[in-house]
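Fold and geometry: a report
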Amino acid sequence: VTTSYFRQLTGRLGVAAAVVLAITAAFSAPPAVTFVDVFRTPSMSYFLTPIGEIYVAARGQSPKKLLVLHYANNLPYRWPKNPASFAQWRSEWLVANGANQLVRFTHDGMFTGFVELPIRSPKVAVTNDAIWITNLLAGNVARQLWRSTDGHTFVAQTEGASQARFTSPAKNLLVLAAGADGDVYVAAIIGPPLVRRVWPPNRRAEIRIAGSRSKMRAGMEEIYGVVDDVTDYSLPLRDLLPLPDGGFAVLRNREDVRGSTGKLELLKGRRADCYDRAGHQLSTAVFARSVHWLTEVTNTKVIGVSNAGDLVLATWGKPIPEEILSP
Amino acid sequence: MKQFKRLFLAFAVVTLLAIPCAADDEVYNADFNIAPPVGGDNSGNGNCLSAYNNCLYNCDARTAGATRMGCKVDCWFDYYGCIANSAMG
């Protein structure tokens, strides 16, 4: 009697558990996605996940899954190191993951081979006529940025670049942005609020960008050796979007601003600025929530996207200049 | 003796050719000392440095030669990703 009662009970518990699981599965939200990089064309934005999926978003739309980078037998590509950056070069996807190769895929995501690199690269970007990569292990600015016009041979961009030895390999943490029209920008993630336009050669410039920092943060522009926590350092920008008219938009990163109580408060990825082709600040927009990338800029508005794929729209207003605040 | 001279010359030429071709891996190793940062800056609330040190420790324990160097550069890539995430987070 006891055994039969026990069987009945476990059977009922099993059914109840199955029902609960089915209800949970039916009503739970889709699995959260975190993007690691964005690739923008004039009409579309593409997003990369750390497991090698590509999402696509048309102008003003949320990202939707487009493809999974895969082998010819349709199995997902096995990444020895997670993909970190990607770009579309002619009809191929090129993916960088810190190795001395770029991984090549067809436009629909099928693995076709590698582009061998002379350096280890965590970042790739493209212009209309060239592939650009950054050097994970550069010892100075002259070894940081490499360019290829044939898709095979990469040459270090040494013109006008400093050969002074870095104080830390963390100086290789870069924002790299390339516009389809040919403009290429580089900026240090840790350092002073500066953007370098490195291409085209006749428009090379070093442009100071706006941002609000505490006196302490402004004094932490130089990094020495290997550190545990970089959040107190000067981290001026998180993204840059070249614009078709030769100007560019910048998404500010960590800012210290005066709050309503008079104390300094932290703003992260909340303000963007528009600059003209000469590097003059034209306007500033404030996002309601933190974003990671800028995907669309018009005369009146700017759209930012978080690394979870949330779209946030902001309107351009009066330019808010650079500021250094005492506590 | 003649053979020895030839061998010596060949060795010298190969060595001289190799010097300007030093890879960035080697430059990195020499300039930034890829060995675990002793003490380091542990004042922050991140965990990038401890993960980096563990990674380097595992490279030393499990690999040798060129593989060890590659392993340590992979540790650096992970550290680089870790601090990039905290910078942008």
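Since the model is a prediction, treat every value here as computed from it, not as a measurement.

**Remarks on the overall build of chain B**
Scanning chain B for helices and strands turns up 4 helices and 0 strands. When the helices and strands of chain B are read in sequence order from the N terminus, they spell out α-α-α-α. Scored against the burial criterion, the 89 residues of chain B give a buried share of 28%. As displayed, chain B offers around 5,700 Å² of accessible surface, 63% of which is attributable to carbon and sulfur atoms.

**So, the confidence of the model for chain B**
Any residue range with low pLDDT should be treated as having predicted coordinates unsuitable for detailed reading. Residues and elements named next belong to chain B. A residue-level look at chain B finds 48% of positions with pLDDT of 70 or above and a mean pLDDT of 70. Mean pLDDT across the secondary structure elements of chain B bottoms out at helix 1 (residues 2-18), with 56, and peaks at helix 3 (residues 48-62), with 89. In the model, residues 14-21 has pLDDT below 50 throughout and makes 0 contacts with residues more than four positions away in sequence or in other chains. This model gives residues 38-45 a pLDDT under 50, and the stretch forms 11 contacts once residues within four places in sequence are excluded.

**Regarding the interface of chain A and chain B**
Every contact between the two is made by 39 residues of chain A and, on the other side, 31 residues of chain B. Here chain A meets chain B over a buried area of about 2,900 Å², counting both sides, of which 60% is carbon and sulfur. Between the two partners, chain A and chain B, sit 2 salt bridges. Between Lys81 of chain A and Asp78 of chain B there is a salt bridge whose closest N-O contact spans 2.9 Å.

**Remarks on the packing of aromatic side chains**
Residue and element names in this part refer to chain A. According to the stated counting rule, one finds 24 aromatic pairs over all chains in the structure shown. Each ring, one from Tyr77 and one from Phe111, has its centre 5.1 Å from the other, and the planes form 35°; the classification is tilted. Here Tyr77, found in the loop between strand 4 (64-68) and strand 5 (85-89), pairs with Phe111, found in strand 8 (residues 111-116); they are 34 residues apart in sequence, far enough to count as distant. Given the relative accessible area of 9%, Tyr77 is considered buried. Consider the rings of Phe248 and Tyr275, whose centres lie 4.9 Å apart with planes at 10°: the pair is stacked. On the criterion of sequence distance, the pair formed by Phe248 in strand 19 (residues 248-252) and Tyr275 in strand 22 (residues 271-275) is long-range, its members being 27 residues apart. The pair formed by Phe248 and Tyr275 is uniform in burial state, with each residue classed as buried. Here a set of aromatic residues connected by ring pairs shows up, and it is made of Tyr71, Tyr77, Trp79, Phe105, Phe111 and Phe114.

**Description of the pattern of salt bridges**
Here the structure, examined in full by the defined rule, presents 18 salt bridges over all chains. Between Arg120 of chain A and Asp74 of chain B there is a salt bridge, with the nearest N and O atoms lying 3.9 Å from each other. Within this pair, whereas Arg120 of chain A is found in the loop between strand 8 and strand 9 (124-126), its partner Asp74 of chain B is found in helix 4 (residues 65-88), the two belonging to separate chains. For the salt bridge of Arg147 of chain A with Asp129 of chain A, the shortest nitrogen-to-oxygen distance reads 3.7 Å.

**Here we look at unusual backbone geometry**
Among all residues save glycine, negative phi is the norm, and among peptide bonds the norm is trans. Residue and element names in this part refer to chain A. For the bond running from Trp199 to Pro200, omega is 5°, close enough to zero to count as cis. Inspection of the secondary structure puts Pro200 in the loop between strand 15 (194-199) and strand 16 (205-208). Not every positive phi belongs to a glycine, and Asn74 is a case in point at roughly 75°. Tracing the backbone through its elements, the reader meets Asn74 in the loop between strand 4 and strand 5. Among the residues examined, Asn74 registers a relative accessible area of 60% and is labelled exposed.

So, how was this worked out
- Residues numbered from 1 in each chain as written.
- Chains lettered and ligands numbered in written order.
- Predicted model: local features only at pLDDT ≥ 70, side-chain atom pairs only at ≥ 80, totals over all residues.
- Heavy atoms only, no water.
- Helix = DSSP H or I, 4+ residues; strand = E, 2+ residues; numbered from the N terminus.
- Buried < 20%, exposed > 50% of the residue type's maximum accessible area, 1.4 Å probe, protein only.
- Areas by Shrake-Rupley, 256 points an atom, 1.4 Å probe, with all protein chains shown as cover.
- pLDDT = per-residue confidence, 0-100.
- Contact = heavy atoms within 4.5 Å.
- Buried area = accessible area lost by both parts, 1.4 Å probe.
- Salt bridge = Lys/Arg side-chain N within 4 Å of Asp/Glu carboxyl O.
- Phe/Tyr/Trp six-rings, centres within 6.5 Å; stacked < 30°, edge-to-face > 60°.

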